[in-house]
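Descriptive analysis of the structure
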Amino acid sequence: MNNLLSLSKGILSLSFLLLLLLLLLNLLYASNAAFNVPTIPFSKGFDPLFGDSNLIRSSDDRSLGLVLNQYTGSGFKSSDLYNHGFFSARIKLPSEYTAGVVVAFYTTNGDIFEKTHDELDFEFLGNIRGKRWRFQTNVYGNGSTSRGREERYYLWFDPSREYHRYSILWTNKTVIFYIDEVPIREIVRSAAMAGDYPSKPMSLYATIWDASDWATSGGKYKVNYKYAPFVAEFTDFSLHGCAVDPIQEVLSGSCSPNDDQIESADYATVTPGRRAAMMKFRRKFMYYSYCYDTLRYSIPPPECVIDPLEREQFKDTGRLKFEGRRRRHSKRRNQLVSSKRNYGGQDQN
């Protein structure tokens, strides 16, 4: 009888462990499951921006290459402006030595509202072979360029080997940056942000250009055109939003039904699994945050959510507390260079 009871308890314990494992697997799957987003041909949603001869379109109009050579960079933009939306593409970055080469994927209305523009951006900051890729995200509202909200990170993969999906979700309530299906940054709108929250219609842009003066190690490593042409490849374009006239939309609420649809989509919800993935990413791969840069902001901007575990990793410059293996002069240099001058630590090591 005792043996039978022990066997029953063992079976129940095993069943519980299997159930727990199944729940964990479902949670992991939910955080990484692919978004079901419709894609469009390039010509159905975009126009060349500059460097037309350096735009390489595929025969099926589903993919496009942006080229930087010694003569010019290149870029494209969406044909319409959107009042909120989900903007996404799968991107493969240039390979080999790409120091000084910036690839940007962003929304803005700077060509219309020059002094009060809004912007949400991914910027990939070039790379030296053998080093981890670095990139940054930023948020501007109503021309708030003096109150930059940039964060910088390492990628956990080589973005030049295969395509990865990069997405920006912008609603009336929140902004979320995604890499594949992992949210890496979330900005929740608050009344205290006031006009600093992007609120005017924006277009989607993608560009490749020479940023030798700042992009890689603060400008230490320049573009070397011996490795040109540099090609950033884009495919699976997604524009899910309400196309508007930028002037009329100021007076109109015609996008409300579309906003409701976007806010109810799968990608608009940061599930517990996705939030855990986001926290893991930020603690492991973020190396600068304006929220922890007390030299720039003695009081963190209102949208900042201070994570005590994250906070312990950063100095008052908003940069990581590097280990002693870093070059000895780096610490002194970081202390001497103001955060306003280095734009959130652009003097990368």
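Relevant structure appears above.
Attention here is on the structure that accompanies the text.

Conventions used here
- Residues numbered from 1 in each chain as written.
- Predicted model: local features only at pLDDT ≥ 70, side-chain atom pairs only at ≥ 80, totals over all residues.
- Heavy atoms only, no water.
- Helix = DSSP H or I, 4+ residues; strand = E, 2+ residues; numbered from the N terminus.
- Contact = heavy atoms within 4.5 Å.
- Disulfide = S-S within 2.5 Å.
- Buried < 20%, exposed > 50% of the residue type's maximum accessible area, 1.4 Å probe, protein only.
- Salt bridge = Lys/Arg side-chain N within 4 Å of Asp/Glu carboxyl O.
- Pairing = 2+ DSSP bridges.
- Axes fitted to C-alpha atoms, helices over the stretch in contact; angles between N-to-C directions.
- Core = buried A, V, L, I, M, F, W, Y, C linked by side-chain atoms within 4.5 Å.

**Details of the environment of A243**
Positionally, A243 belongs in strand β14 (residues 230-244). On a C-alpha basis, the gap between A243 and P201 in space is 8.4 Å, while along the polypeptide they are 42 residues apart. Setting aside residues up to four positions removed in sequence, A243 forms contacts with D80, L81 and Y82.

**Here we look at the state of the cysteines**
As enumerated under the stated definition, the model contains two disulfides in all. Two residues, C242 and C255, share a disulfide whose sulfurs are 2.0 Å apart. Looking along the S-S bond of the C242-C255 disulfide, the torsion reads about -75°, which is the left-handed sense. Separated by 13 residues along the polypeptide, C242 in strand β14 and C255 in the loop between β14 and α3 (256-263) bring together distant segments of the chain. You can call C242 buried: its relative accessible area is 13%. The class of C255 is buried, set by a relative accessible area of 1%. Across the disulfide, C291 is cross-linked to C304 (sulfur-sulfur distance 2.0 Å). Taking the sign of the S-S torsion, -85° for the link of C291 and C304, the bridge is left-handed. Remark: C304 occurs in the loop between β15 (286-289) and α5 (308-311) and C291 occurs in the loop between β15 and α5; sequence separation between them is 13 residues. Comparing C291 with C304, the two get one shared label, buried.

**Looking at the pattern of salt bridges**
The final tally for this structure, using the stated rule, is 17 salt bridges. We note a salt bridge from D111 to K77, for which the minimum N-O separation is 3.2 Å. With a gap of 34 residues between them, D111 in the loop between β6 (101-108) and β7 (119-124) and K77 in strand β4 (residues 74-78) connect regions that are remote in the sequence. R274 is the salt-bridge partner of D266, the closest N and O atoms lying 2.7 Å from each other. A relative accessible area of 44% places D266 in the partly exposed class. Residues joined in a network through salt bridges with shared partners are R147, R149, D196 and E303.

**Points about the pairing of strand β9 (residues 151-154)**
Side-chain alternation along β9 places E151 and Y153 on one buried face and R152 and Y154 on a second face that is also buried. Note: strand β8 (residues 134-140) against β9, four bridges, orientation antiparallel. Each residue of the ladder has a partner; that of Q136, found in β9, is R152. Direction of pairing for β9 relative to β15: antiparallel, over a ladder of three bridges. Within β15, the residue paired with R152 across the bridge is Y288.

**With respect to the sheet that holds β4**
Spatially, the eight strands line up as an open sheet ordered β1-β4-β13-β6-β7-β8-β9-β15, and their pairing is antiparallel. Only two strands of the sheet have a single partner each, and these edge strands are β1 (46-50) and β15. The average undirected angle you get between the axes of adjacent strands in this sheet is 15°. This element, helix α4 (residues 272-285), spans β8, β9 and β15 of the sheet and lies at about 85° to β9.

**Things to note about the nonpolar core**
The biggest cluster of nonpolar side chains holds 57 residues, and the ones touching the most others in it are F76, F122, F124, F135, F177 and F234. A total of five residues in this core trace back to one element, the largest contributor, which is β14. Once residues within four sequence positions are removed from consideration, F234 is found in contact with R62, S63, L64, L66, F76, A89, R90, I91, V103, F105, Y163 and A206. With 12 residues, the next largest nonpolar core counts F86, A265, A268 and M278 among its residues.

**Examining the sheet that holds strand β10 (residues 164-170)**
Strand order in this open sheet of seven strands is β2-β3-β14-β5-β10-β11-β12, and the pairing throughout is antiparallel. The open sheet has two edge strands with one neighbour each: β2 (55-57) and β12 (182-188). On average, adjacent strands in this sheet sit at an angle of 20° to one another, irrespective of strand direction. Along the sheet, α3 makes contact with β5 (81-92), β10 and β14, crossing β14 at roughly 125°. Against the sheet, α4 makes contact with β11 (174-179) and β12, and its axis sits at roughly 95° relative to β12, the strand it touches most.

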